[in-house]
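Structural characterization, general
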Amino acid sequence: MVLAQSCRAGARQLAVRLTSCKKPPSLLPLNLLAARSVAQQRSFATCRTVAARSTPLLYYPRRSNKSPSDSTEHDDLEEETLENQDTKDRVKLESSEDESPAGSSAPSSPPSSSSSSGDGSDGSEPPQPPTAHRTPTPSSIAKQSVPEVYPQVLALPIARRPLFPGFYKAVVVRNPAVVAAIKEMMKRGQPYLGAFLLKDENTDSDVITDVNSVHPVGVFAQITSIFAANTGSSEDKDEGLTAVLYPHRRIKMTELIKAGELPPTAQVVPEDMQVPTPPPSPGPETPESAMSEIPPGPVQTSFLHKHAISIVQVENLITQPYNKDDQYIRAFMSEIVSVFKDIAQLNPLFRDQITNFSINQVASNVFDEPDKLADFAAAVSSGEVGELQDVLESLVVDDRLRKALLVLKKELINAQLQSKLARDVDSKIAKRQREYYLMEQLKGIKKELGMESDGKDKLIEKFKERAAALKMPEPVRKVFDEELNKLMGLEPAASEANVTRNYLEWLTQIPWGQHSPENYSIAHAQKVLDEDHYGLKDVKDRILEFLAVGKLRGTVEGKIICLVGPPGVGKTSIGKSISRALNRQFFRFSVGGLTDVAEIKGHRRTYVGALPGKIIQALKRVGTENPLVLIDEVDKIGRGINGDPASALLEMLDPEQNNAFLDHYMDVPVDLSRVLFVCTANNLDTIPAPLLDRMEVLEVSGYVSEEKSVIADKYLGPQAKEASGLKNADVLLDPSTVDVLIKYYCRESGVRNLKKHIDKIYRKAALKIILDHGEAMFPEPPQPAPAPAAASTDDISTDSSTSAAVESQEPPPNVPKDAVVPEGKLPASDTPDKSNPELKTVTTQERKPLRVPEHIRVRITPENLKEYVGPPVYHKDRMYVVPPPSGVSTGLGYLGNGSGAVMPVEATSMPGKGSLQLTGKLGEVIRESAQISLSWVKAHAYELGITSSVDEQFLTDRDIHVHMPEGSIGKEGPSAGTAIVSAFVSLFTKTRINPDVAMTGEISLVGQVLPVGGLKEKILAAHRAGITTIVAPAANRADIEENVPESVKTGIRFVYVEDVREVLFEVFRNEPITERWKDTLSI
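Model, not experiment: these values are computed from the prediction.

Turning our eyes to something else, we now look at the overall build of the chain. Summing up its helical and strand segments, the chain has 32 helices and 26 strands in all. Counting only residues that meet the buried cut, the chain has 46% of its 1083 residues in that class. Long-range pairs, those at least 24 residues apart, make up 80% of the contacts in the chain with a sequence separation of at least 6. For the chain, the accessible area works out to roughly 54300 Å², and carbon and sulfur atoms hold 51% of it.

Here it is as structure tokens:
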């Protein structure tokens, strides 16, 4: 009871009771506002109709048969007078020939609205239609009455959606026969037809050819007004007409009396003028000649048989009685009113329609007419055609309310979806539009205040602020002012303005007068160098000396350091350590393969996309005038058609010139004297001499085995272990394993290859742990559930903090405006689904490392090292462990990768013509050393005991073949001279050489032993191979004693020689032949 009272009170606020009503209650669509405004200006109905009786009608004339021209001659006052006079003579007509389906028609009284059926009323045109016909007074106007029984009507098929009683509908009729019939109906004062919905939504016709093509239940409608329908062209603009229909009640088609015909090919010329409102009632007499022309059937529609239209037999459908106080009916109505309120908040059109409905509502309470409320809900919704037809066909009020509520609910969901789509679109453009409007307003405000005129003034002000914060030299300041004045006179759209703006950008981004404070502390520098590198004592000492001079002078200007050494020894990292020790900014660029001078000195500004050179870019990047610039791979600089970059480096590196370095793009002098340049190279042979002359070369030699072991233990091992995820795991790489790795896998001077192998070991260990213990101990973390990124309606909320979301660049989905979502489900855009193209969830999450349990232990020993890195690369250090045959000696070589090697030299003789053959991929210098060695042996053959006399011919009938094993490795250099001489003497004297003796040194044609390089690597290889005696040039004695670590020299006896004879005495010591040489081969 409380619910009913509250709903009644709410509805009473919406409904408005009208004291009088001149026309049927209606809810006009927007396209009928014009028709409604015209109708409201009149004081009587647009069409006058009366209930007719067949026999008397034939004897009384009908004023409705007046021609349009006659009717237009009378004004409204005269027409009202005629109507009042005719009303006195009006009689009750009864049908004698054609009975209604009920057997009889109502008298002449209009239908009563007192019943609660709802559809039995005439549409509630007056507030309370009279129950019987009354004769008006002469001063009053006769009320329009709608026949309650109208057995035969013109059948008009309606497409796309049905009509509902009480709600206007405008239809366009294009069939000429139907157009003519409607016009005649209006003239005769019988403007009634039946409107039935077509079953096929894709067809549109004005006649019914098959009774099964339309739904049997339709509406009995009155044509309130007609006007010509303009189709677009001047010839056929009056082909059709638009008729405004007002449905009164539900009817059912029982029989198709006459089927319509398709329109003929000939065009029917319609009347040009709009059909006027027909007279309200027929006249009292009809000519007798018309009696013979009346076809069988009701006289109201007998004239329609001459038109090619559809005529159907119909019967009224009466809504079953109901109790308006039933709780289900009131509950349904309350819910419908509630849904109306929700839709009205989302759709303004619904709000207007509800307002019109409440104003035109006759009943004092919306709950008094539930059937009309259901019809209104179905009429204003855009549901499916079948559902709307079900509402029309429903005669049980509660069932009709249920179906109307279902349609209205879907309309609400559709409105919510449209609102969601609108909000999504608005949210995308709102921020950008708001920013745009605010920026425009800000520009206008600044212009009014004189703070800013346009973007160019702001740009010029920015350049002035930058220049004010810099300490530009006077020539640079002058150029800056000139370019700035040029920019002020250029239009922003001009191409020259863009060039000038870019130039000013670079000019104001060079750090003029800005320096980083330097740190010349020797203790700090030594600490940094020791932290970053192990060994390299000579390089560290030289860097500390360099810093000490800078500490005393206050600057390190004029110094160019060049670090030379094999790959992987840490040249680039040394440059980084120097910058960290000095507290200078670090910038590195490589000139390896560089062939364009513009990369060093910049491009001319006339070129499109011109840029300054690398050094200017470095100054912009670091932001200081005193950085450390590392020029990498300076020995691999190229030369091309665009100039010689090596020559361009001279101006940049030369301390006498770089205080006014002129870049092609900047075209102003830039001081580079405060820049500390550090260059790196693998060898000095390819560096141009003028450039090398300006550098201070620091040779970074390779590491010995002990240094490599310490580096692997202190640096490489922990880094590789942490990178493999085994930082806290019990995985141990034994020191003995590292020694084996260095000896048989990584003999290079640098440690880059050693680092690769250690990384590989720890990666294999990680894989072994996972495979041995399985996924159970190291499970995958659970996948995070995709959290919804947004909600569409107010009652759907998500925690946006659980996941972030980004807007997709994909276009929005093509959702139809009238899409209906099934009840109980959210729209697709509201469902937190990963397939939503509007919002994409950011799924990037940082995975936490897994912890290896403490009980897992992995040991990498020399025995299982092969499982991690494969078989050894170097199988043995020396080819001959036992004394080799005569003609074989042991030399020491320096390989191209920065490591040394023990290289045996093999010589043999065979019958021939005295030629010398050399194999083993020997270079030109080694070939020359072999020729010199053979010549020296031939010249001293008698002294060496090879020939019996001085004049005896030697090797005239024998060939000599010299080979150096490992033929795939190229060999070059002069250091094999002493080894080749020793091999020749051993071959010709048939004396074996001790394999524990190795030698190196270049020989001259007269037998002098000259110094060679790479002794540190050679001695390291000899130490690794177990050599006990090394014969080396005496000139290299200081180098060996100073640069070779004592750990490497331990166990090796060094013999320093100056002549090849000394080499032979040492190599063939304790051999019988040396006794003879004491007499013949004097030292």
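Another aspect to go through is the packing of aromatic side chains. The final tally for this structure, using the stated rule, is 13 aromatic pairs. For the ring pair tyrosine 503 and tyrosine 665, a centre distance of 6.1 Å and an interplane angle of 55° mean the geometry is tilted. Note that tyrosine 503 is positioned in helix 14 (residues 495-509) and tyrosine 665 in the loop between strand 10 (661-662) and strand 11 (669-670), a separation of 162 residues in sequence. The residues tyrosine 503 and tyrosine 665 share a single accessibility class, namely buried. A cation sits over an aromatic face here: arginine 605 above tyrosine 503, 3.8 Å from the ring centre.

Another aspect to go through is the nonpolar core. Core analysis: the largest hydrophobic core is formed by 59 residues, its most contacted members being Leu156, Leu193, Ile223, Leu245 and Phe340. Counting residues per element, this core draws most heavily on helix 7 (residues 327-346), at nine residues. Ignoring sequence-local partners within four residues, the contact set of leucine 193 consists of Val153, Leu154, Leu156, Met185, Val219, Phe220, Ala221, Ile223 and Leu245.

Our focus in this paragraph is the sheet that holds strand 8 (residues 586-590). Within the open sheet, the five strands sit side by side as 8-9-12-7-13. Their pairing is parallel. Strand pairing shows two members of the sheet lacking a second neighbour, strand 8 and strand 13 (696-699), which therefore form its edges. Between one strand and the next, the sheet's axes are offset by a mean angle of 20°, whatever the strand orientation. Both strand 7 (residues 560-564) and strand 13 contribute to a ladder of four bridges, which runs parallel. Paired with leucine 563 across the two strands is leucine 698, which belongs to strand 13. Running at roughly 150° to strand 8, helix 19 (residues 614-622) makes contact with strand 8, strand 9 (628-632) and strand 12 (676-681) of the sheet.

Attention shifts here to the packing of helix 15 (residues 522-532) against helix 16 (residues 537-553). To characterise two packed helices, one gives the angle between the axes of the helices and the distance between these axes. Viewed as axis vectors pointing N to C, helix 15 and helix 16 meet at an angle of 155°, and their least axial separation amounts to 10 Å. With respect to helix 16, the element helix 15 is oriented roughly antiparallel. Along this stretch, helix 15 crosses helix 16, giving a crossing that reads as right-handed. Together, Ile522, Ala525, Gln526, Leu529 and Asp530 of helix 15 and Lys540, Ile543, Leu544, Leu547 and Ala548 of helix 16 make up the contact between the two elements. Grouping the constituent residues of the contact of helix 15 with helix 16 by class yields seven nonpolar, one polar and two charged.

On to the environment of phenylalanine 1065, then. Here phenylalanine 1065 is to be found in helix 31 (residues 1060-1067). Between the C-alpha atom of phenylalanine 1065 and that of tryptophan 1077, which follows or precedes it by 12 residues, the distance is 8.4 Å.

Moving on, we come to a negative patch on the surface. Judged by side-chain charge, Asp538, Glu699, Asp1039 and Glu1042 come together as a negatively charged surface patch. Within the element layout of this structure, aspartate 1039 appears in helix 29 (residues 1037-1043). Residue class for aspartate 1039 comes out partly exposed when judged on its relative accessible area of 31%.

All right, on to the confidence of the model for the chain then. Across the chain, pLDDT averages 75, with 74% of residues at or above 70. Scored below 50 in pLDDT, residues 1-143 shows 257 contacts in the model against residues more than four places distant or in partner chains. Here residues 265-294 scores under 50 on pLDDT; set against residues more than four positions off or in separate chains, the count is 72 contacts.

The buried fraction of strand 18 (residues 888-894) is high, at six of seven residues. Where strand 18 lies against strand 19 (residues 900-911), seven bridges are found, and the strand directions are antiparallel. Across the sheet, the residue bridging to tyrosine 894 is glycine 900, located in strand 19.

In this fold, glutamate 651 is placed in helix 20 (residues 645-653). Once you skip the residues sitting within four places of it in the chain, glutamate 651 turns out to touch Lys601, Gln657, Asn658, Ala660, Phe661 and Leu662.

With that settled, the discussion passes to the pattern of salt bridges. For the structure on display, the rule yields 39 salt bridges. The residue lysine 636 makes a salt bridge to aspartate 635 at a minimum N-O spacing of 3.4 Å. Given the relative accessible area of 6%, aspartate 635 is considered buried. A salt bridge links arginine 857 to aspartate 730, with the shortest nitrogen-to-oxygen separation between them at 3.2 Å. Here arginine 857 is found in strand 17 (residues 857-860), whereas its partner aspartate 730 is found in strand 14 (residues 730-733), with 127 residues between them in sequence. Shared partners join several salt bridges into a network, and the residues in it are Glu483, Lys486, Glu496 and Arg605.

Right, let's get into the pairing of strand 26 (residues 1053-1057). Here strand 26 lies mainly inside the structure; four of its five residues are buried. When strand 25 (residues 1029-1033) meets strand 26, the two strands line up parallel, connected through five bridges. Looking at the pairing, threonine 1029 lines up with arginine 1053 of strand 26.

So, about helix 26 (residues 924-939). For helix 26, spanning 16 residues, the distance from its first C-alpha to its last is 23 Å, which sits close to the expected 22 Å at 1.5 Å a residue. Those residues of helix 26 lying buried are Ile926, Ser929, Ala930, Ser933, Leu934, Trp936 and Val937. End-on view of helix 26: buried residues confined to an arc of 160°, all on one side of the axis. Every exposed residue of helix 26 that faces more than 90 degrees away from the buried side is listed here: Glu924 and Ala939. Against the buried residues of helix 26 lie strand 20 (916-919), helix 27 (977-989), strand 23 (1002-1003) and helix 31.

So, about helix 7. Spanning 20 residues, helix 7 covers 29 Å between terminal C-alpha atoms, matching the ideal 28 Å at 1.5 Å per step. Here helix 7 has its buried residues at Ile329, Arg330, Phe332, Met333, Ser334, Ile336, Val337, Val339, Phe340, Ile343 and Ala344. Two or three places before tyrosine 328, at the start of helix 7, stands the capping residue aspartate 326, its side-chain oxygen 3.0 Å from that residue's backbone nitrogen.

Residue placement: glutamate 184 occurs in helix 6 (residues 176-188). Judged by relative accessible area, glutamate 184 falls into the buried class, the value being 14%. In contact with glutamate 184, other than residues within four places in its own chain, are Phe303, Lys306 and His307.

Turning next to the packing of helix 13 (residues 474-488) against helix 14. Helix 14 packs onto helix 13 with a crossing angle of 150° between their chain directions and a minimal axis gap of 10 Å. Taken as axis vectors, helix 13 and helix 14 run roughly antiparallel relative to one another. Crossing geometry of helix 13 relative to helix 14 is assigned as left-handed. In this structure, helix 13 uses Val476, Val479, Phe480, Glu483, Leu484, Lys486 and Leu487 to contact helix 14, whose residues at the interface are Glu496, Ala497, Thr500, Tyr503, Leu504, Leu507 and Thr508. The residue makeup of the contact of helix 13 with helix 14, split by class, is nine nonpolar, two polar and three charged.

Here the focus is unusual backbone geometry. One non-glycine residue, leucine 536, lies in positive phi territory at about 50°. Phi is positive for glutamate 633, close to 55°, though the residue is something other than glycine. When you line up the elements, glutamate 633 lands in the loop between strand 9 and helix 20. Residue classification places glutamate 633 among the partly exposed positions, given a relative accessible area of 24%.

The next point concerns the state of the cysteines. If you walk through the whole model with that rule in mind, you get zero disulfides. Unpaired in this structure, cysteine 562 has its nearest cysteine sulfur neighbour in cysteine 679, at a distance of 5.7 Å.

Right, let's get into the environment of valine 217. Mapped onto the fold, valine 217 is located in strand 4 (residues 217-229). Taking C-alpha positions, valine 217 is 9.6 Å from glycine 194, a pair spaced 23 residues apart along the chain. Contact partners of valine 217, with chain neighbours within four places excluded, come to Phe196, Ile251, Lys252, Leu317, Gln389, Leu392 and Glu393.

Calculation rules
Residues numbered from 1 in each chain as written. Predicted model: local features only at pLDDT ≥ 70, side-chain atom pairs only at ≥ 80, totals over all residues. Heavy atoms only, no water. Helix = DSSP H or I, 4+ residues; strand = E, 2+ residues; numbered from the N terminus. Buried < 20%, exposed > 50% of the residue type's maximum accessible area, 1.4 Å probe, protein only. Contact = heavy atoms within 4.5 Å. Areas by Shrake-Rupley, 256 points an atom, 1.4 Å probe, with all protein chains shown as cover. Phe/Tyr/Trp six-rings, centres within 6.5 Å; stacked < 30°, edge-to-face > 60°. Lys NZ or Arg CZ within 6 Å of the ring centre and 35° of its normal. Core = buried A, V, L, I, M, F, W, Y, C linked by side-chain atoms within 4.5 Å. Pairing = 2+ DSSP bridges. Axes fitted to C-alpha atoms, helices over the stretch in contact; angles between N-to-C directions. Parallel < 35°, antiparallel > 145°, perpendicular 65-115°, else oblique. Left-handed = near helix turned anticlockwise from the far one by under 90°. Nonpolar A, V, L, I, M, F, W, Y, C, P; charged D, E, K, R; others polar. Patch = residues over 30% accessible without salt bridge, like charges linked within 9 Å, V, L, I, M, F, W, Y side chains within 5 Å. Salt bridge = Lys/Arg side-chain N within 4 Å of Asp/Glu carboxyl O. Lys, Arg positive; Asp, Glu negative; His and termini not counted. Charge placed at Lys NZ, Arg CZ, Asp CG, Glu CD. pLDDT = per-residue confidence, 0-100. Expected span 1.5 Å × (residues − 1). Arc of directions from axis to C-beta. Polar contact = N/O pair within 3.5 Å; in protein donor to acceptor, adjacent residues only side chain to side chain. Disulfide = S-S within 2.5 Å.

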